[in-house]
Amino acid sequence: MDLSVEFAGIRIRNPTILASGILGISYEVMKRVYDAGAGAVVSKSISVEPREGYKGPIIVKVDSGYVNAVGLANPGVDHFVQELSKYGYDKESTDTMQDKSIHDNYRIPIVVNLVGSSVDEFVSMVKRLDHLSIIGYELNLSCPHVERVGLEVGDDPELVSRIIKGIRAVTSKPIIAKLGLGAVDMLEVAKTAIDSGASAVTAINTIRAMVIDAETCMPVLSNKIGGLSGRAIKPIALRCVYELHRAGVPVIGCGGIYDWRDAVEFMLAGAHAVQIGSAIGDRWLDVFKEVNDGIKEYLARKSLKSVKEVVGIAHRY
Amino acid sequence: MDLSVEFAGIRIRNPTILASGILGISYEVMKRVYDAGAGAVVSKSISVEPREGYKGPIIVKVDSGYVNAVGLANPGVDHFVQELSKYGYDKESTDTMQDKSIHDNYRIPIVVNLVGSSVDEFVSMVKRLDHLSIIGYELNLSCPHVERVGLEVGDDPELVSRIIKGIRAVTSKPIIAKLGLGAVDMLEVAKTAIDSGASAVTAINTIRAMVIDAETCMPVLSNKIGGLSGRAIKPIALRCVYELHRAGVPVIGCGGIYDWRDAVEFMLAGAHAVQIGSAIGDRWLDVFKEVNDGIKEYLARKSLKSVKEVVGIAHRY
Amino acid sequence: MLTDTDSSMGKDRMRLVRVEEVRDESPTVRTLIFKDDLASEARAGQFLMVWIPRVDEIPMSVMLDPYDRAGYAALTVRRHGYSSTALYNMHEGSTIGLRGPYGRAFTASNGNVILVGGGTGLVPLLRLCKMLSNSTGIRVTFIMGSRSKDEVIFEDLARRLVGNNGKVIVCTDDGSYGFKGYASDMLKALLEDASSKGERFDMVYTCGPEAMMLKVLKIVDEYGLEAQASLERIMKCGIGLCSSCCIGRYVLCKDGPVMDARDILACNEFGAYARDKSGRLVRV
Amino acid sequence: MLTDTDSSMGKDRMRLVRVEEVRDESPTVRTLIFKDDLASEARAGQFLMVWIPRVDEIPMSVMLDPYDRAGYAALTVRRHGYSSTALYNMHEGSTIGLRGPYGRAFTASNGNVILVGGGTGLVPLLRLCKMLSNSTGIRVTFIMGSRSKDEVIFEDLARRLVGNNGKVIVCTDDGSYGFKGYASDMLKALLEDASSKGERFDMVYTCGPEAMMLKVLKIVDEYGLEAQASLERIMKCGIGLCSSCCIGRYVLCKDGPVMDARDILACNEFGAYARDKSGRLVRV
Ligand SMILES: Cc1cc2nc3c(=O)[nH]c(=O)nc-3n(C[C@H](O)[C@H](O)[C@H](O)COP(=O)(O)OP(=O)(O)OC[C@H]3O[C@@H](n4cnc5c(N)ncnc54)[C@H](O)[C@@H]3O)c2cc1C
Ligand SMILES: Cc1cc2nc3c(=O)[nH]c(=O)nc-3n(C[C@H](O)[C@H](O)[C@H](O)COP(=O)(O)OP(=O)(O)OC[C@H]3O[C@@H](n4cnc5c(N)ncnc54)[C@H](O)[C@@H]3O)c2cc1C
Ligand SMILES: Cc1cc2nc3c(=O)[nH]c(=O)nc-3n(C[C@H](O)[C@H](O)[C@H](O)COP(=O)(O)O)c2cc1C
Ligand SMILES: Cc1cc2nc3c(=O)[nH]c(=O)nc-3n(C[C@H](O)[C@H](O)[C@H](O)COP(=O)(O)O)c2cc1C
Ligand code: FES
Ligand code: FES
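Throughout, a residue's number is its position along its own chain's written sequence, starting from 1. To read the labels, note that chains go from A and ligands from 1, taken in the order they are written. Only residues with pLDDT of 70 or above have their local features reported here, since the model is predicted, and side-chain atom pairs are shown and tallied only from 80 upward, although totals for entire chains, interfaces and linings are computed over all residues. Derived side-chain values reflect all non-hydrogen atoms in the structure, with water molecules and hydrogen atoms excluded from consideration.

### Considering the overall build of chain C
Next up, step 1: Segments assigned H or I by DSSP are reported as helices when at least four residues long, segments assigned E as strands when at least two residues long, and all are numbered from the N terminus. Tallying secondary structure elements over chain C gives eight helices and 18 strands in all.
Next up, step 2: In this description the radius of gyration comes from C-alpha coordinates, and the expected globular size is given by 2.2 Å times residues to the power 0.38. A globule of 284 residues ought to have a C-alpha radius of gyration of about 19 Å, and chain C, at 18 Å, matches this closely.
Next up, step 3: For chain C, the C-alpha atoms occupy an extent of roughly 60 × 40 × 35 Å along the three principal directions.
Next up, step 4: Residue exposure (1.4 Å probe, protein chains only): buried if accessible area is under 20% of the type maximum, exposed if over 50%, otherwise partly exposed. Across the 284 residues that make up chain C, the buried fraction comes to 61%.
Next up, step 5: In chain C, the share of contacts with a sequence separation of at least 24, taken over all contacts with a separation of at least 6, comes to 65%.
Next up, step 6: Working note: accessible area of chain C is about 11300 Å², and carbon and sulfur atoms make up 47% of it.
Next up, step 7: We treat Lys and Arg as the positive residues and Asp and Glu as the negative residues; His and chain ends play no part in the count. Where a charge sits is defined by one atom per residue type, namely NZ (Lys), CZ (Arg), CG (Asp) or CD (Glu). Averaged over its 37 positive side-chain charges, chain C has a centre that lies 2 Å from the centre of its 36 negative ones. Here, residues are in contact when the closest pair of their heavy atoms is within 4.5 Å. Here the Shrake-Rupley method, with its probe set to 1.4 Å, supplies the accessible areas, and only the displayed protein chains count as covering residues.

### What to know about the site of ligand 3
All names here are of chain A.
Next up, step 1: Near, as used in this document, describes a residue that has one of its heavy atoms within 4 Å of the molecule or strand being considered. Near ligand 3, the surroundings consist of 21 residues, among which Ser20, Ser45, Lys178, Gly256 and Ser278 are the closest.
Next up, step 2: Think of a polar contact as two N or O atoms within 3.5 Å of one another; within protein, one of them needs to be a possible hydrogen donor and the other a possible acceptor, and neighboring residues in sequence only count if both atoms come from side chains. Contact between ligand 3 and Ser45: a nitrogen atom at 2.7 Å from a side-chain N or O atom of the residue.
Next up, step 3: Asn140 places a polar side-chain atom, nitrogen or oxygen, 3.1 Å from an oxygen atom of ligand 3.
Next up, step 4: In isolation ligand 3 offers 600 Å² of accessible surface; the protein chains occlude 96% of this area.
Next up, step 5: For the shell around ligand 3, a count of residues per class yields six nonpolar, 14 polar and one charged. For this scheme, ten residues count as nonpolar: Ala, Val, Leu, Ile, Met, Phe, Trp, Tyr, Cys and Pro. Four count as charged, namely Asp, Glu, Lys and Arg, and the remainder, Gly too, count as polar.

### Considering the sheet that holds strand 12 (residues 203-207) of chain D
Residues and elements named next belong to chain D.
Next up, step 1: Read across the open sheet, the seven strands follow the order 11-10-9-8-12-13-16; overall the sheet is mixed. What marks the edges here is a single partner per strand, and that holds for strand 11 (179-180) and strand 16 (258-260).
Next up, step 2: The sheet contacts of helix 5 (residues 183-197) involve strand 8 (111-118), strand 9 (138-146), strand 10 (167-172), strand 11 and strand 12, and relative to strand 9 the element is tilted by about 145 degrees. Only strands that DSSP links by at least two bridges are regarded as paired with each other. Between N-to-C directions, angles cover 0 to 180 degrees, with each direction set by a line fitted to C-alpha atoms, over the stretch in contact for helices.

### Some details on the relation of the copies chain A and chain B
Next up, step 1: Superposition of the copies was done by least squares, using only C-alpha atoms of residues whose pLDDT is at least 70 in both. Superposing chain A onto chain B takes a rotation of 180 degrees plus a shift of 0.0 Å along the axis, which leaves an RMSD of 0.0 Å. Both copies of the chain, as the preceding transformation shows, are related through a two-fold rotation axis. Scanning chain A for the C-alpha nearest the rotation axis identifies Ala232 of chain A, at a separation of 2.3 Å.

### Some words on the packing of aromatic side chains
Next up, step 1: When the centres of two rings from Phe, Tyr and Trp lie within 6.5 Å, Trp using its six-membered ring, the rings pair. Their planes under 30 degrees apart give stacked, over 60 give edge-to-face, and anything left gives tilted. Considering all chains together, one arrives at ten aromatic pairs over all chains under this definition.
Next up, step 2: Consider the rings of Phe47 of chain C and Tyr102 of chain C, whose centres lie 6.0 Å apart with planes at 50 degrees: the pair is tilted. One end of the pair, Phe47 of chain C, is in strand 4 (residues 47-52); the other, Tyr102 of chain C, is in strand 7 (residues 95-102), and 55 residues separate them in sequence.
Next up, step 3: Owing to a relative accessible area of 4%, Phe47 of chain C belongs among the buried residues under this scheme.
Next up, step 4: Its relative accessible area of 4% is what places Tyr102 of chain C among the buried residues.
Next up, step 5: Grouping aromatic residues by their ring pairs yields a cluster made of Tyr27, Tyr87 and Tyr89 of chain A.
Next up, step 6: Note that Arg107 of chain A overlies the ring of Tyr89 of chain A, its terminal NZ or CZ placed 6.0 Å from the centroid.
Next up, step 7: In this structure, Arg283 of chain D is placed above the aromatic ring of Tyr273 of chain D, and the distance from its NZ or CZ to the ring centre is 4.7 Å. The rule is short: NZ of Lys or CZ of Arg within 6 Å of the ring centre and within 35 degrees of the ring normal puts a charge over the ring.

### Side note on the site of ligand 2
Next up, step 1: Not every one of the 22 residues close to ligand 2 is listed here, only the nearest: Asp56, Pro59, Gly81, Ser83 and Ser84 of chain D.
Next up, step 2: One chain alone does not account for the residues near ligand 2; they come from chains A and D.
Next up, step 3: At a separation of 2.5 Å, an oxygen atom of ligand 2 approaches a polar side-chain atom of Ser84 of chain D.
Next up, step 4: When ligand 2 sits alone it has 850 Å² of accessible area, and the protein chains cover 84% of it.
Next up, step 5: Secondary structure elements with two or more residues in the shell around ligand 2: strand 5 (56-61), strand 6 (72-78) and helix 2 (82-88) of chain D.
Next up, step 6: Ranked by the residues each element gives to the shell around ligand 2, the list is headed by strand 5 of chain D, at five residues.

### Concerning helix 9 (residues 260-269) of chain A
Next up, step 1: Counting buried residues in helix 9 of chain A gives ten out of ten residues, a clear majority hidden from the surface.
Next up, step 2: Here helix 9 of chain A has its buried residues at Trp260, Arg261, Asp262, Ala263, Val264, Glu265, Phe266, Met267, Leu268 and Ala269 of chain A.
Next up, step 3: Where the residues of helix 9 of chain A are buried, they touch helix 8 (234-246), strand 15 (251-254), strand 16 (271-276) and helix 11 (286-301) of chain A together with strand 12 (212-213) of chain B.
Next up, step 4: Following helix 9 of chain A by one or two positions, Gly270 of chain A has its phi on the positive side, about 130 degrees.

### Some points on the UniProt feature "active site" (unreviewed entry) in chain A
Residue and element names in this part refer to chain A.
Next up, step 1: UniProt positions are given in the numbering used here, feature names are shortened, and annotations may be inferred rather than shown by experiment. As recorded in UniProt, the sites labelled "active site" (unreviewed entry) are Cys143.
Next up, step 2: Looking at the element boundaries, Cys143 is found in the loop between strand 8 (136-140) and helix 5 (151-154).
Next up, step 3: Take Cys143: its relative accessible area is 4%, and that puts it in the buried class.
Next up, step 4: For Cys143, the residues in contact, after removing those within four places along its chain, are Leu72, Val149, Gly150, Leu151 and Asn205.

### Brief notes about the sheet that holds strand 5 (residues 59-62) of chain B
Residues and elements named next belong to chain B.
Next up, step 1: The strand order across the open sheet formed by four strands is 5-6-14-11, and the pairing between neighbours is antiparallel. Pairing within the sheet leaves two strands with one partner each, and these edge strands are strand 5 and strand 11 (207-210). Averaged over all pairs of adjacent strands, the angle between strand axes in this sheet comes to 40 degrees, irrespective of strand direction.
Next up, step 2: Alignment of strand 11 against strand 14 (residues 225-229), held across four bridges, turns out to be antiparallel.

### Description of unusual backbone geometry
Next up, step 1: With an omega of -10 degrees, the peptide bond between Gly56 of chain A and Pro57 of chain A qualifies as cis.
Next up, step 2: When you line up the elements, Pro57 of chain A lands in the loop between strand 4 (40-46) and strand 5 (59-62).
Next up, step 3: Following Gly256 of chain C, the chain continues to Pro257 of chain C via a peptide bond in cis, the omega torsion being 10 degrees.
Next up, step 4: The phi dihedral of Arg148 of chain A falls on the positive side, at around 70 degrees, and the residue is not glycine.

### What about the UniProt feature "binding site: FMN" (unreviewed entry) in chain A?
Residue and element names in this part refer to chain A.
Next up, step 1: Within the UniProt annotation, "binding site: FMN" (unreviewed entry) is assigned to Ser20, Lys44, Ser45, Asn113, Asn140, Lys178, Ile204, Gly230, Gly255, Gly256, Gly277 and Ser278.
Next up, step 2: Considering the arrangement of structural elements, one finds Gly255 in the loop between strand 15 and helix 9.
Next up, step 3: Beyond its immediate sequence surroundings of up to four residues, Gly255 is in contact with Gly230, Ile233, Lys234, Ala237, Phe266 and Gln275.

### Let's talk about the UniProt feature "binding site: [2Fe-2S] cluster" (unreviewed entry) in chain C
Next up, step 1: Cross-referencing UniProt, the feature "binding site: [2Fe-2S] cluster" (unreviewed entry) maps to Cys237, Cys242, Cys245 and Cys253 of chain C in the present numbering. The largest pairwise C-alpha distance within this set of annotated residues, which runs over 17 residues, is 10.1 Å, so the set is compact in three dimensions.
Next up, step 2: Tracing the backbone shows Cys237 of chain C in the loop between strand 13 (227-230) and strand 14 (246-247).
Next up, step 3: Non-local contacts of Cys237 of chain C, meaning those with residues more than four positions away in its chain, are made with Ile58 and Ile59 of chain B together with Met49, Arg99 and Cys242 of chain C.

### As for the interface of chain A and chain B
Next up, step 1: Contacts between the two partners involve 46 residues from chain A, matched on the other side by 46 residues from chain B.
Next up, step 2: Note on definitions: buried area is the accessible-area loss of two parts on being combined, 1.4 Å probe, summed for both. Overall, the association of chain A and chain B removes approximately 3800 Å² of surface from exposure, summing both partners, and the carbon and sulfur fraction of that is 62%.
Next up, step 3: For this document, the term salt bridge refers to a Lys or Arg side-chain nitrogen within 4 Å of an Asp or Glu carboxyl oxygen. There are ten salt bridges connecting chain A and chain B.
Next up, step 4: Residues Lys302 of chain A and Glu215 of chain B are paired through a salt bridge, measuring 3.6 Å at the closest nitrogen-oxygen approach.
Next up, step 5: Mapped by element, the contributors of at least two residues to the side of chain A that touches chain B are strand 11 (207-210), strand 12 (212-213), strand 13 (218-219), strand 14 (225-229), helix 8, helix 9 and helix 11 of chain A.
Next up, step 6: No other element matches the seven residues that helix 8 of chain A contributes to the side of chain A that touches chain B.
Next up, step 7: Grouping the amino acids of the side of chain A that touches chain B by side-chain chemistry returns 29 nonpolar, three polar and 14 charged.

Here's what the structure looks like:
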């Protein structure tokens, strides 16, 4: 059974993608995630300058999920370009990336996630990255707990539009807008993104949340406010994917995907592929193989020939 | 230890309140909830006309919560006025309600939750209810799954303002605006509500969500889209309460409160009182006594004299 | 949604099952048989919330598997309105969703007991009968009422379950089979007879149409006996949240469906009023 | 947050504990003792994520309770930078938060084993020593290195744990106590001596400063022995999500902190590079 999917100019061997922020800094570890079965990996959110992130605690377990405020720790775009160059990403054109044998043995399909606060920042990063044989960009317009970036950008559709147009002007690679539950209508931002040149959206990022400890009377995260991820947000994420698909937006589902059934549900709702983050905390890297094996069995049982046939079925009812 | 709280013109014997939509249709059952230990009860959302609600399934269990789309089933304002009149709510002025002995033996403190789509609807309901000795109104501006009411109203701050001003003109009772995660900034709506005459806000309602079943490929709720409640949303609700308190808005916390620790955390974040809904599905009515007993012990352990002292402590850090 | 990650979800998690067999019990009643561990272990009187995909979710008592297999259970449904007819029309291979079992069950009694049931109200009584037949020193008299001969269901099963020690009395309103008259008339006759002989019954269990149960409870009350009845109200959630099943101060899905006669009669709504889907109190 | 509703949260749930006692081990090292069931059962080499309220959350090896009480555990911390100093300054009655224990532990070996530790790197080795002392047929040689006499910690405890069968060798860089020289020099001398006598060691366990461990692993490699080392990297989450602890292809909080010598040496970063808080690879 072939699990490969193709959408928005992206073709990957299976629909499970490592979500941004999880293990996505070092090439060697991203390669390991890919070897464990992921169809592609998204890097941590990369910014123009390096960021150390917040002091601990940066993550707290809550019922059926985590609340995190890592603070977008990342080595900065220059270091990241170096990291990938070391592994040959600056050697050939992106076309070669479509050669599966190369992926398997050497360069894996990486989507670089970018975070910034202005058109200039995004464009300058893309210019520095675009010669690398990465398979696309994901724009973090939805981090709920860092000032001036993430949601503060995503909540401004006009700015979103300018950023994406700016990037579109300097790259031909797919652009994916990563959205969250902000203070403006997600559907509006999604449509703006697509109209401005984005190829797809990822939904959803973590949802602004916090944890307080009754004994010390304190917020637990050093940043006080963080983002909720994991199974807790799954029904919300699933609804977002359903609504985006209904609005005709190509979407990658993300939020609380822990097993093949979750992945299938997101695809039934309209996701072309899914991203997995928090589940890794509980199931480690085995989660990718488990999900893919489960999808395979599901397709067989339902006499479906490809993942594509699953996409959006729930809308028939 | 006295657990009574007073805020926004409401004085109740303890800070635990039955959330709207849960068991709040029949006086006798509301009385039972009160007898089980609640400080007050909020009625189901009442509309001008009776509503049958949606076909089943109207609720689905998910990890750490429920997704429901009851569809605002309620007997309509006239029937509800009758229901309360039968039990003497039309007999005396609201002042008598402050007499604790009366609450305990007969009329319990009821907040009537209202849902509607226009100023006229809300005002006409308040006019019909206002002679009853109820302790206040809660406006459902946040139901995430019924068209033309709830969030569709809450997402329109200008309409919210007109509704509250309209109601304020015909009643002197406390008005509480119940908010949720809509497509506009909750803080903005909250401030608008307070500026227009609301006494406090309740945060939060359920969050728009859905459940799809992989085997049948169908949305499970008959309405497809519903609202997520329960522990899953607690970190989000807690964050909302924290932000509202910081913005100076008097707030009643709601969302995933299951035990005394949850209740204390909401109060530390700034809630003057808390509402309990989904927990009843798992812990039945005992939850009220358990939470109040736990709060008492907590206050004793921390050498605090009243619930009021707990409110907002987390903001010190 | 159907994962095992949150094991605490237990019976609240919706389980999809395949209907393995459908049996006609009468021209309007059918039994759907399926495999489901939790349902197979339901106590007598407990109910399931049954999802009929694309149609509705309705409360149904848990029926015994006619083949008495471990892990199996069934539903017995009377074709009536929109949802019950949809369930009735399910066939072998159809998929339904289940959650539960929910609610308070009948509690066992010792000695001499009477079961009075009518229509699909027999379902919980049959499960009760099976439970009682496992204890010693119990004698069951099972009064089964129905309108006419072709609506008599589960007679054989009942006879098997009450055993040699017990008795099954079938009544039909029109006298086309068994005793002519209401089950409640038969109950009254039995109690009268017993009291004249100085015999005593220890408990009456009943489930069926509300009018029948009202009569039964009143008769039982007259004779100063204890009774338990399994009631029906609209149940949309089954877990004490939605408020649709309120009767008096009781929340039937939690406090019932089985309640003690005393509590039922104390609540003036029984036999007189019920809440409709909007929550309005209407005459029944 | 600290509820038991979701029992599956297990060790990931943050637990607040009260520091019951603080002991000075040396002018810069202190041990904080507390009650915590999960920590008390940690395997040797596993670590806790320790919340120092208002300051930080940092990884710390689980120390043995000096009184060996069931349900108790401890942390031994060297005062160094911002966070470790804050932890060091906690006193009796202070509250700290714990999650874990996390990570891969040392695995037991048979026969003749050497432990080489320095500074707070002794902590996991002491727990290992205790575990090994419970098995028969094990002989432990424990080499403890420190800069000078007043930095020697846990000597008595180590002597108690290795038992009569084992040996403790204390080394100081400045010779102010015990053997003068590095712990690695002592290791080399031991191995040399053993090989000249035709004796064999079965396993070397090490934990301490990276430079020390690098020397140890190279020596061990020369002699063709097996070894396990417990490494350190920045750990912000402890559960394989945040990416801060990567070393080569390994995610240290999941694949470590204890790793096999083979894997460590194969990954060129060890002893040479580490990622800083932003994820940049920097020389160590
Ligand atoms: C505890 C319990 C156990 C039951 N066990 C059985 C059983 O074993 N066999 C059986 O045949 N019936 C049983 N019923 C009754 C069954 O649930 C109703 O007959 C059925 O829901 C009504 O379906 P209908 O389409 O015929 O409804 P109608 O009477 O035509 O009513 C129209 C609509 O109202 C709603 N509705 C009506 N009654 C209910 C209800 N009780 N709960 C929720 N929604 C309702 C449905 O949406 C229905 O489609 C039981 C009811 C309860 C409360
Ligand atoms: C598995 C493991 C076990 C450990 N066991 C012990 C032990 O038993 N006793 C002990 O004293 N030390 C132990 N450490 C080291 C301890 O975690 C660090 O020394 C401590 O975090 C550094 O604190 P500092 O304030 O002295 O940091 P500095 O070295 O001054 O660094 C400044 C800041 O960087 C961050 N930082 C530095 N190192 C780390 C780290 N490893 N993880 C997360 N953040 C870091 C902190 O925010 C710190 O405040 C262990 C480390 C690991 C990985
Ligand atoms: C620890 C952690 C760090 C994250 N960092 C980022 C990030 O840097 N950029 C980003 O776009 N999303 C980030 N996310 C969000 C995830 O990519 C994902 O959208 C979210 O967690 C929901 O998916 P999940 O439930 O599978 O984790 C992070 C999530 C977690 C848990
Ligand atoms: C079954 C159900 C019905 C509800 N109905 C209403 C309603 O009619 N009006 C309303 O304002 N909120 C309604 N809510 C929302 C709750 O009042 C509450 O805001 C929400 O469930 C979060 O609290 P919880 O997690 O304690 O349940 C309903 C919630 C549930 C679970
Ligand atoms: S069925 Fe919902 S409360 Fe009983
Ligand atoms: S500490 Fe976060 S991945 Fe290892």
